[in-house]
Amino acid sequence: MGRRAAGMAACAGGILLILLGYAYTQLQLFLFAAASLSGIWLGIASLFSP
Amino acid sequence: MHTISWMVTLAPEPARPRACARVLTWFISGGIAGGAAIGAVIALAARELAHVTGSVPAITVAGAALLAAVYAGHEANVWHVPRPQFGHQVPEAWRKIFSPSVASFIYGFGLGTIYLTRLGSPVAYPLAFLLLGMGRTPGAIIAIMATVGLVRASTAFLIPFLRLEDANSEAVLTLMRTYTGPAKRGDLLTLLSVTVLLAVGLLANYAL
């Protein structure tokens, strides 16, 4: 399962890069940095919210 | 996470790795779709706002920076600020009604909508304010929210990595509570970083 999950995680990472790359081309750097930092932390933080 | 591990345990023991992969795939697809859907709703509202008020990026950037600072103070216990949110989660009964693949997609979609569920972090408020000021770039709003949905759903990868396929809800909750302190510090650090980033951007792009 570990290898399969690692492959899926890599695939998800690729999609993440494409989405962020697209947003980067559309926004000013500081807006992109603030929005992506907020968004990524917001996604991670749900892990600690029962 | 408990729901995902529960759905995996429905499969017989030898088929669990394959079932886990299938459930995770649908869950993450749902997360991206849910994030993109709420992003489209925000983009629509942002576009209408831009039509009504004209382009006012400096005001929304300043508002988002202020909100981030206000919630940073809340996280640092300097003052108390209300955290308005929808308290509901995706109904647990749905996992018994639908097949594991469909239920996983719906769960992922529900979580991916972020603002329609319980919020994991106050960072959600300045982010919403910031996105509402991006009415001229709706694609960027959708991409950012799809990213949030993807990252939120990707936390389910911890199930195979931490071997939680057979864990009960209490074990998962205990694991989550272990990291309450670091999560609060992460909230504070992110809010302060966002405040600084937006303040510097505001000064560099609009004031100087």
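Heads up: the structure comes first, above all this text.
Residues numbered from 1 in each chain as written. Chains lettered and ligands numbered in written order. Predicted model: local features only at pLDDT ≥ 70, side-chain atom pairs only at ≥ 80, totals over all residues.

Enquirer: Even after reading the chapter, I still don't get the overall build of chain A, so can you show me in this structure?
Expert: Counting secondary structure elements, chain A contains two helices and zero strands. What you see for chain A is a C-alpha radius of gyration of 14 Å, clearly larger than the 10 Å of a compact globule of 50 residues, by over 25%. For chain A, the spread of C-alpha atoms along the three principal axes comes to 40 × 25 × 10 Å. For chain A, with 50 residues in total, the buried portion stands at 34%. (Helix = DSSP H or I, 4+ residues; strand = E, 2+ residues; numbered from the N terminus. Rg over C-alpha atoms; globule rule 2.2 N^0.38 Å. Buried ≥ 20, exposed ≤ 12 C-beta atoms within 10 Å, placed from the backbone.)

Enquirer: What is the right way to read the interface of chain B and chain A from this model?
Expert: Each partner contributes to the interface: chain B provides 48 residues, whereas chain A provides 36 residues. Among the elements of the structure, helix H2 (16-53), helix H6 (124-132), helix H7 (138-154), helix H8 (158-161), helix H9 (169-178) and helix H10 (180-207) of chain B are those that each provide at least two residues to the side of chain B that touches chain A. Counting residues per element, the side of chain B that touches chain A draws most heavily on H10(B), at 12 residues. Looking at the side of chain B that touches chain A residue by residue, the class counts come to 31 nonpolar, 14 polar and three charged. (Contact = placed C-beta atoms within 7 Å. Nonpolar A, V, L, I, M, F, W, Y, C, P; charged D, E, K, R; others polar.)

Enquirer: Hey, could you run me through the nonpolar core in this one?
Expert: Counting 64 residues, the largest nonpolar core has Ala68(B), Leu131(B), Ile141(B), Ile144(B) and Met145(B) as the members making the most contacts within it. Elements that contribute at least two residues to this core include exactly helix H1 (2-26) and helix H2 (29-45) of chain A together with H2, helix H3 (57-75), helix H5 (100-112), H6, H7 and H10 of chain B. If you tally residues by element for this core, the top one is H2(B), at 12 residues. Leave out the neighbours within four places in its chain, and Ala68(B) touches Pro126(B), Leu191(B), Val194(B), Thr195(B) and Leu198(B). (Core = buried A, V, L, I, M, F, W, Y, C linked by C-beta atoms within 7 Å.)

Enquirer: Any chance you could explain the packing of H5(B) against H7(B) here in plain terms?
Expert: Helix-helix packing: each pair is described by the crossing angle between the helix axes and the interaxial distance. Residue and element names in this part refer to chain B. Between H5 and H7, whose axes approach to 9 Å, the crossing angle comes to 125 degrees. Classed by the angle they form, the pair H5 and H7 counts as oblique. Seen from above, H5 lies across H7 with right-handed handedness. For the pair H5 and H7, contact is made by Gly108, Leu111 and Gly112 and by Gly149, Arg152 and Ala153, respectively. When the residues that make up the contact of H5 with H7 are grouped by side-chain class, the tally is two nonpolar, three polar and one charged. (Axes fitted to C-alpha atoms, helices over the stretch in contact; angles between N-to-C directions. Parallel < 35°, antiparallel > 145°, perpendicular 65-115°, else oblique. Left-handed = near helix turned anticlockwise from the far one by under 90°.)

Enquirer: Looking at this structure, how should I read the packing of H2(A) against H7(B)?
Expert: Running from N to C, H2(A) and H7(B) point in directions that differ by 25 degrees, and their axes come no closer than 7 Å. By the angle class used here, H2(A) and H7(B) are roughly parallel. The handedness of the crossing between H2(A) and H7(B) comes out as right-handed. Between H2(A) and H7(B), the contacting residues are Ala35(A), Ser36(A), Gly39(A), Ile40(A), Leu42(A), Gly43(A) and Ile44(A) on the first element and Ile144(B), Thr147(B), Val148(B), Val151(B) and Arg152(B) on the second.

Enquirer: So what exactly am I meant to see when it comes to unusual backbone geometry here?
Expert: Working note: non-glycine residues mostly have negative phi, and peptide bonds are mostly trans. Residue and element names in this part refer to chain B. Here the phi dihedral of Asn77 falls at roughly 60 degrees; this positive angle occurs in a residue that is not glycine. Here Asn77 is to be found in the loop between H3 and helix H4 (94-97). A tally of 9 C-beta atoms within 10 Å means that Asn77 is categorised as exposed. Residues other than glycine seldom take positive phi values, yet Ile114 does so here, at roughly 50 degrees. Take Ile114: it is sitting in the loop between H5 and H6.

Enquirer: Just to check I follow, could you spell out H5(B) for this structure?
Expert: At 3.6 residues per turn, the α-helix brings residues three or four places apart onto the same side. Residue and element names in this part refer to chain B. Helix length check: H5, at 13 residues, gives a terminal C-alpha distance of 18 Å against a target of 18 Å (1.5 Å per residue), a fit within 8%. Residues Ala103, Ser104, Phe105, Ile106, Tyr107, Gly108, Phe109, Leu111 and Gly112 constitute the buried set of H5. Backbone geometry just downstream of H5 places Ile114 in the positive-phi region, at approximately 50 degrees. (Expected span 1.5 Å × (residues − 1).)

Enquirer: What's the story with the environment of Val81(B) in this structure? I'm lost.
Expert: Residue and element names in this part refer to chain B. Checked against the element boundaries, Val81 lands in the loop between H3 and H4. The exposure class assigned to Val81 is partly exposed, which follows from the 14 C-beta atoms found within 10 Å. With residues near it in sequence (within four places) discarded, Val81 still touches Val70, Tyr71 and His74.

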